[in-house]
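Residues per chain, in single letters:
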Amino acid sequence: MIRLFPIFIVLCWWVEARAAELYHEQFRPQFHFTPATNWMNDPNGMVFYDGEYHLFYQFNPFGNKWGHMSWGHSVSPDLVHWEHLPVALYEENDVMIFSGSAVVDWKNTSGFGQNGKPPLVAIYTGHYTKKPLQNQNIAYSNDRGRTWVKYANNPALDIGEKDFRDPKVSWHEASKRWIMTVSWPVHHQVRFYASTNLKEWTHLSDFGPAGSTQGIWECPDLFPLKNGRGTKWVLVVNVGSGAPAGGSGCQYFVGDFDGSKFTLDSSFPTGKDAALWADYGRDFYAAVSWSDVPKRDGRRLWLGWMSNWEYANDVPTSPWRSAMSVPRELTLRKTPEGLRMVQQPVEELRKLRGAHHRLGNASFSRASNWLAGRELKSELLEMEMDFTVEKSSGDFGIKIASGANEETVVRLSKDGRLSLDRTQSGRTDFHRKFPGVHEAKLSVRNGVASLHLFLDTSSIEVFANEGEAVLTDLILPTGDKRKLELISNEQAPRVMQIHLWELKSAWK
Ligand code: FRU
């Protein structure tokens, strides 16, 4: 025993040293979800059960490029701190496990439950590697998602199509049945199916083509959101290409769902490819929402894959590749243009706040000097800034510099554009389509413009005017310290206030 002691000490040291390295690699996000190693894409099977948010995700157990798709798995009590769990569903018999959803089968409609407890049921696409076929399959768990059994009579829904995927299932209380929203990618359509037991599905209706149809339709979602005293339904459709910043992106439709059919609201913009976008950055895709968030909480929560199919496989990070966005809360807002979905970072993220720097009402130049004088110990930052904008105000914004030559610029132009420039943001050379300037329209109402920023080691998320316009971009700065600088041309607006927080890592 005594003789084994030194070996034990060395082993402890080795495990600790490795843990210290892992999660401290260059570009490793510190408060965005990443798998410890290997490739990740879409979030899958997001469900809340028994105090845990589950996040499954498209995962390659064998490397850090896309392939051998399986469902990786992690859980969190608070959407901020994640625990990695073993792979939940593996590729098997030449069938990859593509994207899908999970639900708590509260009434045990499937019969998979045991001992009076509801099972978790996952509904995913089986992608056949030896023939041109995709169909919908189910699997269940009776141990809080720790182990899964694939249903013996899979597939549960097969229409013999090569492209038919990403089922999102939810319980429709009014008609007391399950609704599956699933995408028919090359037709630019979403199909709706109904079931009373999750095992047999009946076709209800189709929606589309509509909105953006340049790229294939993938990863849909359908959920109700409060609209004053009433309810509206949001249909989310991620598109493989043709998003405003280029490549893949996330569009949505606002309308009504009567239990069988989705009808678009009359305020939907018209014209070819006119569409509503959840995010105007380059790196927000395959976003879908959590199922079974408790009623007393009542939020609609989601996150997206923070990458873009145009270069995802080339982003220079190792031994992992890809991160998720921060979790966000979704609500509807009445705007002069019609009903729009807005996104706000979940309030749980406040747990990460460390040192706080605050400036009250100040001129732009005083605020600029104040900001430049901050000694920041952390490169992980959250910022809230409110500006009083007048007709005479020119363009203004913030420059986030790192090292001597690297900068990312967020700018509000007086013609109502919010832009994010990552052309000089650090490593941009790994793909010719990575550098660029990405833009959203932003109307300034009541003379106030607000910016809420999250900066991790390798990403920036901008929520403008309480989430009315959102831009999510990867950035890969190589310089060590971050410097913040307010910038303006012509007449600068007044700064109402600035809150700046240095954030803690979520992995400690
Ligand atoms: C979207 C997607 C899905 C598919 C999965 C495969 O990013 O193409 O349609 O299920 O990725 O990994």
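Residues numbered from 1 in each chain as written. Predicted model: local features only at pLDDT ≥ 70, side-chain atom pairs only at ≥ 80, totals over all residues. Heavy atoms only, no water.

Attention now goes to the site of the ligand. Every residue close to the ligand is listed here: Asn41, Asp42, Gln58, Trp66, Met69, Phe98, Ser99, Arg165, Asp166, Glu218, Tyr285 and Trp309. Note that an oxygen atom of the ligand is positioned 2.6 Å from one of the side-chain N or O atoms of Gln58. Here Arg165 contributes a side-chain N or O atom positioned 2.7 Å from an oxygen atom of the ligand. Expressed as a share of its isolated accessible area of 320 Å², the protein-covered part of the ligand is 95%. Its residues assigned to classes, the shell around the ligand comprises five nonpolar, three polar and four charged. (Near = heavy atom within 4 Å. Polar contact = N/O pair within 3.5 Å; in protein donor to acceptor, adjacent residues only side chain to side chain. Areas by Shrake-Rupley, 256 points an atom, 1.4 Å probe, with all protein chains shown as cover. Nonpolar A, V, L, I, M, F, W, Y, C, P; charged D, E, K, R; others polar.)

Inspection of the secondary structure assignment puts Trp320 in strand 20 (residues 320-321). Sequence separation of Trp320 and Gly63 is 257 residues, and the distance between their C-alpha atoms is 8.7 Å. Not counting the four nearest positions on each side in its chain, Trp320 is found in contact with Glu25, Gln26, Phe27, Arg28, Pro29, Thr34, Pro35, Ala36, Thr37, Asn38 and Asn64. (Helix = DSSP H or I, 4+ residues; strand = E, 2+ residues; numbered from the N terminus. Contact = heavy atoms within 4.5 Å.)

This part takes up the environment of Glu461. Relative to the helices and strands, Glu461 is located in strand 30 (residues 459-464). For Glu461, a relative accessible area of 0% corresponds to the buried category. Remark: the alpha-carbon pair of Glu461 and Leu349, spanning 112 residues in sequence, is separated by 13 Å. The residues touching Glu461, leaving out its near neighbours within four places in the chain, are His32, Met306, Ser325, Val326, Arg328, His452, Leu453, Phe454, Leu471 and Thr472. Side chain to side chain, Glu461 and Arg328 meet in a polar contact 2.9 Å long. (Buried < 20%, exposed > 50% of the residue type's maximum accessible area, 1.4 Å probe, protein only.)

Per the counting criterion, the structure on display carries zero disulfides. In this structure Cys219 is a free cysteine whose sulfur lies 9.3 Å from that of Cys250, the closest cysteine sulfur available. (Disulfide = S-S within 2.5 Å.)

What follows deals with the domain arrangement of the protein. Split by domain assignment, the protein resolves into domain 1 (5-345) and domain 2 (349-503). Each side of the interface is counted separately: domain 1 has 37 residues, and domain 2 has 37 residues. Together domain 1 and domain 2 conceal approximately 3200 Å² of surface at their shared face, both sides included; 63% is due to carbon and sulfur atoms. When the area that domain 1 buries against domain 2 is broken down by residue, the three leading residues are Phe27, Phe31 and Tyr280, summing to 21%. Summed over the shared surface of domain 1 and domain 2, the result is five salt bridges. The salt bridge partner of Arg333 is Glu468, with a shortest N-O separation of 2.8 Å. The tally of links from domain 1 across to domain 2 stands at 25 residue pairs in polar contact (both at pLDDT 80 or more). Mapped onto the side of domain 1 that touches domain 2, the elements with two or more residues apiece are strand 21 (328-335) and strand 22 (338-345). In terms of residue count, the dominant contributor to the side of domain 1 that touches domain 2 is strand 22 (four residues). (Domains from an automatic or database assignment. Buried area = accessible area lost by both parts, 1.4 Å probe. Salt bridge = Lys/Arg side-chain N within 4 Å of Asp/Glu carboxyl O.)

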